[in-house]
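# Chains, contacts and geometry: an overview
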Amino acid sequence: SAVISQKPSRDICQRGTSLTIQCQVDSQVTMMFWYRQQPGQSLTLIATANQGSEATYESGFVIDKFPISRPNLTFSTLTVSNMSPEDSSIYLCSATDVGDTEAFFGQGTRLTVV
Amino acid sequence: GESVGLHLPTLSVQEGDNSIINCAYSNSASDYFIWYKQESGKGPQFIIDIRSNMDKRQGQRVTVLLNKTVKHLSLQIAATQPGDSAVYFCAERAAGNKLTFGGGTRVLVKP
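Figured I'd write up the structure that's included with this text. Keep in mind the model is a prediction, meaning the values are calculated, not measured. (Residues numbered from 1 in each chain as written. Chains lettered and ligands numbered in written order. Predicted model: local features only at pLDDT ≥ 70, side-chain atom pairs only at ≥ 80, totals over all residues. Heavy atoms only, no water.)

## A word on the overall build of chain B
Heads up, the condition is: Each helix corresponds to a stretch of at least 4 residues labelled H or I by DSSP, and each strand to a stretch of at least 2 residues labelled E; elements are numbered beginning at the N terminus. The size measure is the radius of gyration over C-alpha atoms, and the globule rule it meets is 2.2 Å times the number of residues to the 0.38 power. Only protein chains enter the accessibility calculation, which uses a 1.4 Å probe. A residue is then buried if its area is under 20% of the maximum for its type, exposed if over 50%, and partly exposed in between. Working rule for contacts: check all heavy atoms of both residues, and any pair within 4.5 Å makes them a contact. Reported accessibility uses the Shrake-Rupley method at a 1.4 Å probe radius. Residues are deemed covered only where the shown protein chains occlude them. Neither His nor the chain ends is counted toward charge; the positive residues are Lys and Arg and the negative residues Asp and Glu. Taken as the charge centre is NZ of Lys, CZ of Arg, CG of Asp or CD of Glu, depending on the residue.
Helices and strands together make up the secondary structure of chain B, namely zero helices and 10 strands. If you list the helices and strands of chain B from N to C, you get β-β-β-β-β-β-β-β-β-β. Against the compact-globule benchmark of 13 Å for 111 residues, chain B has a radius of gyration of 14 Å, which places it among compact chains. Based on the C-alpha atoms only, the size of chain B along its principal axes is roughly 40 × 25 × 20 Å. The buried share among the 111 residues of chain B stands at 43%. A separation threshold of at least 6 residues defines the contact pool for chain B, and within that pool the share at least 24 residues apart is 53%. When the accessible surface of chain B is totalled, it reaches about 5500 Å², and 47% of it is carbon and sulfur. Between the centroid of the 12 positive side chains of chain B and the centroid of its 9 negative side chains there is a distance of 5 Å.

Pasting the structure below:
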């Protein structure tokens, strides 16, 4: 199993600013993902974080708004840029290996934009 | 404090009874279907999965049933305990290990 740590666990940010969320996995993993979970709702995939190359974004999410880095097999960051109150949500990092069905999740970052 | 599950359908069950949580999925090409449990303030935790060529799989106190004809998935929890109180999500796995999550059900266990 993999243990995933996210930082920060929560933050309150001013609109128009940006926040970078860090995700650290305690072992090397093939695949890392970023999800958003809006209040009272399910999880929606933002993008697949690709090691050493640009992330692959899902429909409705763009790199300018959610730039992602993945410099190695254990670490990734998600930036929420130019924030508005609509970006208030829980952001979750996930990791798995090719062929595995068990994806591991961080505890999430609860973002409130005021 | 938490906001996960606030607006989700709720299943109230008496402690010791069995729980059944249902889920409809959409993608016939998904190769695995997975159930996750999410407790307040935490990320989702894997419970059990089932491959698309199976119709039933059992774990410890949990059973997952898959009906591909009607694209329906269910999770049965035997002898529900207070620690089972959480939000439960089904998910389907597609190419690239990407997960598509269902809407979720909040389970409340009454003592």
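## Section: the state of the cysteines
All names here are of chain A. So the rule is basically this: Here, a disulfide means two cysteine sulfur atoms that sit within 2.5 Å of each other.
For the structure on display, the rule yields two disulfides over all chains. Through a disulfide, Cys-23 is tied to Cys-93; the S-S separation comes to 1.9 Å. The S-S bond linking Cys-23 to Cys-93 shows a torsion near -70°; that makes this disulfide left-handed. In this pair, Cys-23 is assigned in strand E3 (residues 19–25) and Cys-93 in strand E9 (residues 89–96), connecting sequence segments 70 residues apart.

## Digging into the environment of Val-64 of chain B
All names here are of chain B. You can see Val-64 is positioned in strand E6 (residues 62–67). What makes Val-64 buried here is its relative accessible area of 1%. C-alpha of Val-64 to C-alpha of Lys-37: the two residues are 27 residues apart in sequence and 14 Å apart in space.

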